[in-house]
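Letter by letter, the chains look like this.
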Protein chains: 2
Amino acid sequence: MPHHDVPSAFAAATAVTRTEGGGLAAVLDAGWDVGSGILNGGYLLAVAARAAAVESPHPHPVAVSASYLRATGPGPAALTVTPGPAGRTLAHSSVLLGGADGPTLAVQATTATLTDEPPLYADPLPSVPAVDDCLPADAGADLGGRPVPEVGLRKQVQTRLDPATAGWAVGRPSGEPVMRGWVRLTDGTPPDPFALILFADVLPPTSWGLGRFGWSPTVQLQVLVRALPAPGWCLVESRASEVAGGWLDENYRIWDATGRLVAQSRQLARLPR
Amino acid sequence: MPHHDVPSAFAAATAVTRTEGGGLAAVLDAGWDVGSGILNGGYLLAVAARAAAVESPHPHPVAVSASYLRATGPGPAALTVTPGPAGRTLAHSSVLLGGADGPTLAVQATTATLTDEPPLYADPLPSVPAVDDCLPADAGADLGGRPVPEVGLRKQVQTRLDPATAGWAVGRPSGEPVMRGWVRLTDGTPPDPFALILFADVLPPTSWGLGRFGWSPTVQLQVLVRALPAPGWCLVESRASEVAGGWLDENYRIWDATGRLVAQSRQLARLPR
């Protein structure tokens, strides 16, 4: 948690605590849903990453790969961390997150110590309008058609969509499975490695750019965190490489306010037919 | 294994068998090394994927995410599969591969049934010279400088590098962390989903394109298999998005001989300083 008196909404909602029995527990917050009481996959993975960091000699998640075993709702959850090899540079562990009915998320986690050291090579920020020239897509916002759903995720994270990837909202899908937008935590806290994990599953499904709407449940998601992000808005771009046979991938890149690539992810998801 | 009398070298080297105790075992083959007795990460992940498929109602790995806990050498290995939820569309499991000293590879696996159904959307094949106009990079080949090392991987897989990404071999690195080449199994067997997992870690490190040589040990690797590949050469492209702080990512896309995107992967690796 940040070093001030009141934890941020994100820090509180993803907090992991030590139980009397020596294990780890969290209370999954109903306020981070994507509809129908289902919690956002990035939110859940951030909770699991906090558990991995708590049990590691290193403070930051650098690679987390998760299988989404079942949809996860709010309430008390147990986090079981099985440590693997740990060294001076990095440590491995596996994390199971589950409720009364057993595990719902199984994660391979690698922790290390991140810096903001300049890269030898990095993908540049794509050309995108400034935050104020993008479209607010927060809960209840009117993008020109129906309002953005009042789900928790769209209240907790402020989103400004690149108009070039928001045509679907006004009945003119771009024909490309790409989403791009600026995001930040609504509570005003600056991004950290755990928030980057949240942002790695924060945009609307890329299939909406093809005019195929509906929910795309995540099957597996890998997030790499590459550097400590600077304060401010992050630019998030999501792109599918293939949509076929009821499956799609989503490949995210995330840059901080200085234009530095700070995280990447790829997920395999189901596509409603 | 293929349905003919003699299993292919790849099928034999990755075979998983049932032990008398009911568990699964493999004999890791010294002939698939990348030097110093260390086995290739894609080879090891293909063995783990076979174990997941053996214990699943579905025949094909569609997503496998692995933490490389320790370098793995040849010899007998145990495979411990913990089944997760299994349904009509997909099944989850986790797989531990290990030898006498404990687990060396921890994998989240998702299996399903792949087809070669045409995609709704797919990344096209990049522009690349034909196989015969690319540079042979098999064990012992002379690329214009020192010969390709006589390691097992370069004997088991035939590689034809795109000259545009092979400048490093003649002292003129392109300055871009990109590798591209055609690959196929030397034993002549057509590619299958398990071979695609092997191909997702088969090219020289992309850091060589920046003139930074040396071995880049894989930390975590996620492979998505998207379709059944057609027979023939596969085109493999590997690209780093960021090289910083002693880490690099490698993002692979693999197309089959018909130009269909059939697999993708991303790994986080260490970069020797």
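This is a predicted model, so every value here is computed, not measured.

A closer look at the overall build of chain A
Inference 1: Each helix and strand counted, chain A has 4 helices and 15 strands in total.
Inference 2: Each principal axis of the C-alpha atoms in chain A carries an extent, and together these give about 55 × 45 × 40 Å.
Inference 3: Across the 273 residues of chain A, 60% fall into the buried class.
Inference 4: The long-range fraction of contacts in chain A, counting pairs at least 24 apart against all pairs at least 6 apart in sequence, stands at 68%.
Inference 5: Element-wise, carbon and sulfur atoms account for 54% of the exposed surface of chain A, whose accessible area totals about 10300 Å².
Inference 6: With 19 positive and 24 negative side-chain charges, chain A shows a separation of 6 Å between the mean positions of the two kinds.

Digging into the packing of aromatic side chains
Inference 1: For the structure shown, the criterion picks out 10 aromatic pairs over all chains.
Inference 2: Geometrically, the ring pair formed by Trp-168 of chain A and Trp-208 of chain A is edge-to-face, given 5.1 Å between the ring centres and 70 degrees between the ring planes. Residue Trp-168 of chain A is located in the loop between β9 (157-161) and β10 (178-185), and its partner Trp-208 of chain A is located in the loop between α4 (193-199) and β11 (218-225); the two are separated by 40 residues in the primary sequence. Summarising the burial analysis for this pair, Trp-168 of chain A and Trp-208 of chain A share the class buried.
Inference 3: Aromatic pair Trp-32 of chain B and Tyr-43 of chain B: ring centres 5.4 Å apart, planes at 10 degrees, arrangement stacked. Note that Trp-32 of chain B is positioned in the loop between β2 (24-28) and α2 (41-54) and Tyr-43 of chain B in helix α2, a separation of 11 residues in sequence.
Inference 4: Here Trp-32 of chain B falls in the buried class, since its relative accessible area comes to 2%.
Inference 5: Each residue in the set Phe-10, Trp-32 and Tyr-43 of chain A is aromatic and connected to the rest through ring pairs, giving one cluster.

Topic: the interface of chain B and chain A
Inference 1: Contact residues are listed per partner, giving 56 residues for chain B and 57 residues for chain A.
Inference 2: Counting the surface lost from both chain B and chain A, the interface buries some 4500 Å², and carbon and sulfur atoms represent 52% of this.
Inference 3: Three residues stand out in chain B for area buried against chain A, namely Tyr-121, Glu-242 and Arg-266 of chain B, and they jointly supply 17% of the buried area on that side.
Inference 4: The interface formed by chain B and chain A holds 4 salt bridges in total.
Inference 5: A salt bridge links Glu-242 of chain A to Arg-260 of chain B; the nearest nitrogen and oxygen atoms lie 3.1 Å apart.
Inference 6: Connecting chain B to chain A are 30 residue pairs in polar contact (both at pLDDT 80 or more).
Inference 7: Going through the elements one at a time, β3 (60-68), β5 (90-99), β6 (102-112), β7 (121-122), β11 (218-225), β13 (242-244), β14 (247-255) and β15 (261-270) of chain B are the ones with two or more residues in the side of chain B that touches chain A.
Inference 8: Class assignment of the residues belonging to the side of chain B that touches chain A gives a composition of 28 nonpolar, 15 polar and 13 charged.
Inference 9: The pairing of strand β7 (residues 121-122) of chain A with β13 of chain B spans 2 bridges and is antiparallel. Looking at β13 of chain B, one finds that Tyr-121 of chain A is bridged to Val-243 of chain B.

Thoughts on empty space enclosed by the protein
Inference 1: According to the stated counting rule, one finds 2 cavities of 30 Å³ or more in the structure shown.
Inference 2: Around the largest cavity sit Val-62, Leu-114, Val-225 and Arg-226 of chain A together with Ala-244, Trp-247 and Leu-268 of chain B, which together line it.
Inference 3: Across the lining of the largest cavity, the residue classes break down as 6 nonpolar, no polar and 1 charged.
Inference 4: In this structure, the second largest cavity occupies an estimated 30 Å³ of space.
Inference 5: In the lining of the second largest cavity, the residues fall into 6 nonpolar, no polar and 1 charged.

Some details on the relation of the copies chain B and chain A
Inference 1: The transformation that overlays chain B on chain A combines an axial shift of 0.0 Å with a rotation of 180 degrees, and the residual RMSD is 0.0 Å. The superposition of one copy onto the other is thereby described by a two-fold rotation axis. Residues of chain B ranked by C-alpha distance from the rotation axis are headed by Ser-65 of chain B, positioned 3.1 Å from it.

Describing unusual backbone geometry
All names here are of chain A.
Inference 1: Residues other than glycine seldom take positive phi values, yet Ser-36 does so here, at roughly 55 degrees.
Inference 2: By the secondary structure assignment, Ser-36 is in the loop between β2 (24-28) and α2 (41-54).
Inference 3: Using a relative accessible area of 78% as the deciding quantity, one classes Ser-36 as exposed.

Quick word on the pairing of β3 of chain B
Residues and elements named next belong to chain B.
Inference 1: Counting buried positions over the 9 residues of β3 gives 9, a clear majority of the element.
Inference 2: In terms of strand pairing, β3 meets β6 through 8 bridges, oriented antiparallel. Note on β6: the bridge partner recorded for Ser-65 is Gln-108.
Inference 3: Bridging between β3 and β11 involves 5 bridges; their strand directions are antiparallel. Note that in β11 the partner of Ser-67 across the bridge is Gln-220.

Points about the pairing of β14 of chain B
It is a general feature of regular strands that their side chains alternate between the two faces of the sheet.
Residues and elements named next belong to chain B.
Inference 1: Counting buried positions along β14 gives 8 out of 9 residues, so the element sits mostly inside the fold.
Inference 2: Note that strand β12 (residues 234-239) and β14 share 5 bridges and pair antiparallel. Across the sheet, the residue bridging to Arg-239 is Asn-251, located in β14.
Inference 3: Remark: 5 residues form the turn of the hairpin made by β14 and β15, two consecutive strands paired antiparallel; Gly-259 in that turn has positive phi of roughly 90 degrees.

Quick word on the confidence of the model for chain A
Inference 1: Looking at chain A as a whole, the pLDDT averages 94, with 98% of positions reaching at least 70.
Inference 2: Predicted complex, confidence summary: ipTM 0.96, pTM 0.96.

Cut-offs used in this document
Residues numbered from 1 in each chain as written. Chains lettered and ligands numbered in written order. Predicted model: local features only at pLDDT ≥ 70, side-chain atom pairs only at ≥ 80, totals over all residues. Heavy atoms only, no water. Helix = DSSP H or I, 4+ residues; strand = E, 2+ residues; numbered from the N terminus. Buried < 20%, exposed > 50% of the residue type's maximum accessible area, 1.4 Å probe, protein only. Contact = heavy atoms within 4.5 Å. Areas by Shrake-Rupley, 256 points an atom, 1.4 Å probe, with all protein chains shown as cover. Lys, Arg positive; Asp, Glu negative; His and termini not counted. Charge placed at Lys NZ, Arg CZ, Asp CG, Glu CD. Phe/Tyr/Trp six-rings, centres within 6.5 Å; stacked < 30°, edge-to-face > 60°. Buried area = accessible area lost by both parts, 1.4 Å probe. Salt bridge = Lys/Arg side-chain N within 4 Å of Asp/Glu carboxyl O. Polar contact = N/O pair within 3.5 Å; in protein donor to acceptor, adjacent residues only side chain to side chain. Nonpolar A, V, L, I, M, F, W, Y, C, P; charged D, E, K, R; others polar. Pairing = 2+ DSSP bridges. 1 Å grid on protein atoms, 1.4 Å probe; cavity = no way out; pocket = protein on both sides within 12 Å on 5 of 7 lines; lining within 4 Å. Points joined across faces, edges and corners; volume = space filled by probe spheres on them. Least-squares fit on C-alpha atoms with pLDDT ≥ 70 in both. pLDDT = per-residue confidence, 0-100.

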